[in-house]
Amino acid sequence: MSDDPSITDAARAPDADPLEAGASTDPVPAEGEAAAAGPAVPDELAFDVDELPGGALGALEAVLMVADEPVPAVRLAAVLALPTTRVEELLEELAADYRGEHGGRPRGYELRRAGEGWRIYSAAPYADVVGRFVLDGQTARLTQAALETLAVVTYRQPVTRGQVSAVRGVNVDGVMRTLTARGLVAEVGTEPTSGALLYGTTGYFLERMGLSSLDELPPLAPYLPEIDALEGVDEPGATIGGPA
């Protein structure tokens, strides 16, 4: 054996553990392999909502303002990258603030729990004023798509938007918003299995139709599919046709 002092102990010991000798066990990448891997994809949740203007409360409020149906706290937590327990606390704080419990004036809108989620609504004391604004001057005729959608709601209520879409074969979100804005249909509850909003016709609908009850409607229901045949249309990811 050589007496050359430059030879290390690790080199003299064939059975030495490479980790103890400081050697790396990772495979050496082939030439050009690192470039082929491309740049790292940034984390979509790598931000802090507390650093936004208005902080986490402002971010939560911004999301709720664009929601057209109740949003579960779990989903809000995922969007804001916050723990669900903190989001629930923020929701309660925001709702109390809207009610004027933090020293400010009561707002014309309120944040409340509906079904399994949360949504911003106009406050109940202003219902008459809001109703006048929504209904006043709305004399334009409904489109064919709106009439067909209204017929499905009328004969199959209570019904979800997904179920209406399944009957018509197109997305009816926009049409349902129009019918709701005109006071012809309204939210009447939530579907127990999926948590989707259920819709039904209103007293204003009966008034405009000249009816005293739904029992006076002509028999059209036999030509529509049963709601039981439309199971699964309200599950996340379900898509039905394009816009009406």
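Shown above is the structure to which this text applies.
The following refers to the structure shown. On a predicted model such as this, the values are computed, not experimentally measured, just so you know.

Parameters at a glance
- Residues numbered from 1 in each chain as written.
- Predicted model: local features only at pLDDT ≥ 70, side-chain atom pairs only at ≥ 80, totals over all residues.
- Heavy atoms only, no water.
- Helix = DSSP H or I, 4+ residues; strand = E, 2+ residues; numbered from the N terminus.
- Contact = heavy atoms within 4.5 Å.
- Phe/Tyr/Trp six-rings, centres within 6.5 Å; stacked < 30°, edge-to-face > 60°.
- Buried < 20%, exposed > 50% of the residue type's maximum accessible area, 1.4 Å probe, protein only.
- Lys NZ or Arg CZ within 6 Å of the ring centre and 35° of its normal.
- Patch = residues over 30% accessible without salt bridge, like charges linked within 9 Å, V, L, I, M, F, W, Y side chains within 5 Å.
- Areas by Shrake-Rupley, 256 points an atom, 1.4 Å probe, with all protein chains shown as cover.
- Salt bridge = Lys/Arg side-chain N within 4 Å of Asp/Glu carboxyl O.
- Lys, Arg positive; Asp, Glu negative; His and termini not counted.
- Charge placed at Lys NZ, Arg CZ, Asp CG, Glu CD.
- Axes fitted to C-alpha atoms, helices over the stretch in contact; angles between N-to-C directions.
- Parallel < 35°, antiparallel > 145°, perpendicular 65-115°, else oblique.
- Left-handed = near helix turned anticlockwise from the far one by under 90°.
- Nonpolar A, V, L, I, M, F, W, Y, C, P; charged D, E, K, R; others polar.
- Pairing = 2+ DSSP bridges.

1. Structural notes on the overall build of the chain
Tallying secondary structure elements over the chain gives 10 helices and 5 strands in all. For the chain, the proportion of contacts with a sequence separation of at least 24, taken over those separated by at least 6, is 52%.

2. Quick notes on the packing of aromatic side chains
Inspection of the entire model under this criterion finds 1 aromatic pair. A ring pair is formed by Tyr98 and Tyr109, whose centres lie 4.8 Å apart and whose planes are at 80°; its orientation type is edge-to-face. Within this pair, whereas Tyr98 is found in helix α5 (residues 84-98), its partner Tyr109 is found in strand β1 (residues 109-114), the two being separated by 11 residues in sequence. Under the relative-accessibility criterion, Tyr109 is labelled partly exposed at 31%. When the ring centre of Tyr121 is taken as reference, the NZ or CZ atom of Arg112 above it lies at 3.9 Å.

3. Observations concerning a negative patch on the surface
On the surface, Glu88, Glu89, Glu92 and Glu93 cluster together into a negatively charged patch. Position of Glu88 among the secondary structure elements: in helix α5. On the basis of relative accessibility, which here comes to 39%, the residue Glu88 falls in the partly exposed class.

4. Here we look at the packing of helix α3 (residues 55-65) against helix α4 (residues 73-80)
Relative orientation and spacing of two packed helices are given, respectively, by the angle between their axes and the distance between those axes. At a minimum axis distance of 11 Å, the contact between α3 and α4 shows a crossing angle of 120°. In terms of axis orientation, α3 runs oblique to α4. Where α3 crosses over α4, the handedness of that crossing is right-handed. In this structure, α3 uses Ala59, Leu60, Val63 and Leu64 to contact α4, whose residues at the interface are Leu76, Val79 and Leu80. Considered class by class, the residues forming the contact of α3 with α4 number 7 nonpolar, no polar and no charged.

5. Some thoughts on the sheet that holds strand β5 (residues 197-201)
Strands sit in the order β3-β5-β4 across an open sheet of 3 strands; the sheet is antiparallel. Each edge of the sheet is formed by a strand with only one pairing partner; in this case those strands are β3 (159-160) and β4 (185-190). Relative to β5, β3 is paired through 2 bridges, and the arrangement is antiparallel. Bridging across to β5, Thr160 finds its partner in Leu198.

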